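Coordinate inspection notes
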Amino acid sequence: MTTAADPRYAGALRLDGKRALITGAGKGIGADIARAFASAGADLVLSGRDEGELGRAAAALHDEFGVDVHSAAVDLARADGPDTLAGMAADALGGLDILVNNAGVSYPESVVDTTAEAFDATIAVNLRAPALLAARVGAQMVAQGTGGAIVTVASAAALAPLPDHYAYCASKAGLVMATKVLARELGPHGIRANSVCPTVVLTEMGQRVWGEEAKAAPMIARIPLGRFAVPHEVSDAVVWLCSDAASMINGADIAVDGGYTMG
Ligand code: NAP
């Protein structure tokens, strides 16, 4: 029996000196991921659309944790958004070691009411933008030659169909597979790509879709742990996946869902 602490675990989840871009970082799950990364020692670029909100978040994290924090307001619904953001983030931090693709939208609609406009709006932000951003940042990481980690926040909606979430489920399922292609193609460069699939988290988005008791109760009843997730439970998985403690994890999809999608 050993009594001394195993030195492998001292600081295994630290991200000191790592340069990370986090999308959707001004609120909700992304804001919690940003806080977790700052507390783990990473330098950050926070992205979203609201310049003021991002600036305040960046200043607060710098004051609390002393890390370097920048903000980059870019609309990822635009086709050129990912290129613009990848360039801004690399310029701000002098390169990137980590990308957290977290920004997303949810516009609940049933199959029979779906329009091309609504479908495209979801796919643009939830699938095209993170896929292209990972491709651009991945190319930068390959050129740097120092490896890297890419984590994509998909959703349990990628793994189990949800009524009234036609484009959303399709976008998130696409992301899980796109992440595996990244893992296959960028792995030989020491770049790991993984995704997480959370169940409902009562952020602004979660509250809008699942906030009513009549909607929440049947969903909670399908989750073996009997509750929705809280933001730090997603952040913990993302920090771990980006840390050296997950150095052999590549192409994995981690369900953060209390057992909801295990089958
Ligand atoms: P949220 O509170 O609504 O935050 C969404 C974030 O995405 C915001 O920071 C928002 O930026 C950003 N965003 C949206 N559209 C954008 C655009 N066109 N360009 C740039 N940024 C944009 O949502 P959340 O619940 O934290 O969700 C975060 C991620 O987790 C999403 O990918 C979501 O699909 C996923 N997820 C959420 C849940 C849940 O129940 N909440 C469950 C599973 C997965 P602005 O500040 O500019 O609006």
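Scroll up for the structure.
Okay, so let's go over this structure. None of these values were measured; they are calculated from a predicted model. (Residues numbered from 1 in each chain as written. Predicted model: local features only at pLDDT ≥ 70, side-chain atom pairs only at ≥ 80, totals over all residues. Heavy atoms only, no water.)

This part covers the nonpolar core. Judged by nonpolar contacts, the single largest core of 34 residues is most densely connected at Phe37, Leu44, Leu46, Val196 and Val238. Counting residues per element, the ones that place at least two in this core are strand S1 (19–22), helix H1 (28–39), strand S2 (43–48), helix H2 (51–65), strand S4 (98–101), strand S5 (148–153) and helix H8 (231–242). Beyond its immediate stretch of four places on either side in the chain, leucine 44 contacts Ala20, Ile22, Ala34, Phe37, Ala38, Leu61, Asp68, Val69, His70 and Leu93. Judged by nonpolar contacts, the second largest core, of 22 residues, contains Leu21, Val45, Ala89 and Leu182. (Core = buried A, V, L, I, M, F, W, Y, C linked by side-chain atoms within 4.5 Å. Buried < 20%, exposed > 50% of the residue type's maximum accessible area, 1.4 Å probe, protein only. Helix = DSSP H or I, 4+ residues; strand = E, 2+ residues; numbered from the N terminus. Contact = heavy atoms within 4.5 Å.)

As a matter of local geometry, the ligand sits amid 30 residues, with Lys27, Arg49, Asn102, Tyr168 and Thr203 nearest to it. Taking asparagine 102, its main chain carries an N or O atom lying 2.7 Å from an oxygen atom of the ligand. For the ligand, whose free accessible area comes to 890 Å², the fraction covered by protein is 94%. Listed by contribution, the elements that provide at least two residues to the shell around the ligand are H1, helix H5 (166–186) and helix H6 (204–210). Along the lines of polarity and charge, the residues of the shell around the ligand split into 14 nonpolar, nine polar and seven charged. (Near = heavy atom within 4 Å. Polar contact = N/O pair within 3.5 Å; in protein donor to acceptor, adjacent residues only side chain to side chain. Areas by Shrake-Rupley, 256 points an atom, 1.4 Å probe, with all protein chains shown as cover. Nonpolar A, V, L, I, M, F, W, Y, C, P; charged D, E, K, R; others polar.)

Let's shift gears to the pairing of S1. Residues Arg19 and Leu21 of S1 are buried on one face, and the alternating residues Ala20 and Ile22, pointing to the opposite face, are buried as well. Taken together, the four bridges between S1 and S2 define a ladder with parallel strand orientation. Note on S2: the bridge partner recorded for isoleucine 22 is leucine 46. Each parallel crossover has a hand, and the one from S1 via H1 to S2 is right-handed. As defined by bridge partners, S1 adjoins S4 across three bridges and the pair is classed as parallel. The partner of alanine 20 across the bridge, within S4, is isoleucine 98. (Pairing = 2+ DSSP bridges. Right-handed = clockwise from strand over helix to strand, strands pointing away.)

All right, on to the sheet that holds S1 then. Strand order in the open sheet made by the seven strands is S3-S2-S1-S4-S5-S6-S7, with parallel pairing throughout. Looking at which strands have only one partner, the edges of the open sheet turn out to be strand S3 (69–73) and strand S7 (253–256). Across this sheet, the average inter-strand angle for adjacent strands is 15°, counted without regard to direction. Relative to S3, S2 runs parallel, the two being bridged by five bridges. Residue pairing across strands places leucine 46 opposite serine 71, the latter belonging to S3. Where helix H4 (residues 116–144) meets the sheet, it contacts S1, S4, S5 and strand S6 (191–198), and its direction lies at approximately 175° from that of S4. (Axes fitted to C-alpha atoms, helices over the stretch in contact; angles between N-to-C directions.)

Bringing the pattern of salt bridges into the picture now. Tallied over the full model, the rule gives seven salt bridges. Close ionic contact of aspartate 97 with arginine 19 constitutes a salt bridge, the shortest N to O distance being 2.9 Å. Linking aspartate 97 in the loop between helix H3 (81–93) and S4 with arginine 19 in strand S1, this pair joins segments that are 78 residues apart in sequence. On the accessibility criterion, aspartate 97 (12% relative accessible area) is buried. (Salt bridge = Lys/Arg side-chain N within 4 Å of Asp/Glu carboxyl O.)

For the pair H1 and H8, the least separation of the axes is 9 Å and the interaxial angle reads 50°. By the angle between their directions, the pair H1 and H8 is classed as oblique. Crossing geometry of H1 relative to H8 is assigned as right-handed. Together, Ile29, Asp32, Ile33, Ala36 and Phe37 of H1 and Pro231, His232, Val234, Ser235, Val238, Val239 and Cys242 of H8 make up the contact between the two elements. (Parallel < 35°, antiparallel > 145°, perpendicular 65-115°, else oblique. Left-handed = near helix turned anticlockwise from the far one by under 90°.)

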